[in-house]
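A structural walkthrough
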Amino acid sequence: MAQEPSEYATTAYLVIQQGPQAGKRLEIWIECDIFLEDLAVHRKQASILRTPAGFVLYDEHGSGDSFVNEQPVREQFLKDGDQLLFGNTRLTFFGHEGTRPFQLASSRGRELHVLRNSDPNTSVIAKLDISGFRGAMRSFELFPDMTIGRSRECDIFLEDLAVSRLHATIRQLPDGGYEIEDNHSASGTFINGMRITRYRLLEGDALQIGSSRLIFRRSRA
């Protein structure tokens, strides 16, 4: 998949929903090639071009196997939320509101718990180091039950349309460890590249939720 030449970024992106690269976010630059790890996709399957009227998908192969919202297309204007299918790879197109500049992750939960007294018997602190797609890093201390999602009611708020409103929950276990549970999210929760439903977190585990990468850490208080 290739776009018209220029050096600047557009205001759209794709999120792979199904296929070997599920969960991966693909920024649409005005000049770029997007490689899909799918043998059922042609060498040059399609192009997405930015026009004055919006983004247009062109089927380059001409065999009628580029789909938008389950319909084969040769040429199709794309709108926010459209479902694309190439070979065995399903993607969601995001544009307009969904492609505004991302804010840093914020933690409502940290603000709610800031006045909580420390447990004198606790010697280990669990935290998430969060890296957004612009490379900014923040750390949030974990408490017994915290939610992650696109809703501002979540303890850790991620402003990203690839993230579900209530995407995942992190809970402390009776033995002091932590587990993460995916709340039937659309784009999935990934640990070390593997999509999970529920998983016990280990030191250094890398979580991928939408465009954000989160590292689980435990340190001495």
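Residues numbered from 1 in each chain as written. Predicted model: local features only at pLDDT ≥ 70, side-chain atom pairs only at ≥ 80, totals over all residues. Heavy atoms only, no water.

What follows is about the pairing of strand β13 (residues 145-149). The buried fraction of β13 amounts to four of the five residues, a majority that puts the element mostly inside the structure. Note: β13 against strand β14 (residues 156-157), two bridges, orientation parallel. Bridge pairing in β14 links Ile 148 to Ile 156. (Buried < 20%, exposed > 50% of the residue type's maximum accessible area, 1.4 Å probe, protein only. Helix = DSSP H or I, 4+ residues; strand = E, 2+ residues; numbered from the N terminus. Pairing = 2+ DSSP bridges.)

For the rest of this paragraph, the subject is the sheet that holds strand β4 (residues 54-59). On the basis of which strands lie adjacent, the open sheet formed by three strands has the order β3-β4-β7 and antiparallel pairing. The open sheet is flanked by β3 (46-51) and β7 (75-77), the only strands paired with a single partner. Each adjacent strand pair in this sheet contributes to an overall mean axis angle of 20°, direction not counted. Note that β3 and β4 share six bridges and pair antiparallel. If you follow Ala 46 over to β4, its bridge partner there is Asp 59. (Axes fitted to C-alpha atoms, helices over the stretch in contact; angles between N-to-C directions.)

Time to look at the pattern of salt bridges. Summed over all chains, the structure comprises eight salt bridges. As a salt-bridge pair, Glu 179 and Arg 198 come within 3.8 Å of each other at their nearest N and O atoms. Highlighted residues: Glu 179 in strand β16 (residues 178-182) and Arg 198 in strand β19 (residues 198-200), separated in sequence by 19 residues. A single salt-bridge network, built from bridges that share partners, covers Arg 171, Glu 179, Glu 181 and Arg 198. (Salt bridge = Lys/Arg side-chain N within 4 Å of Asp/Glu carboxyl O.)

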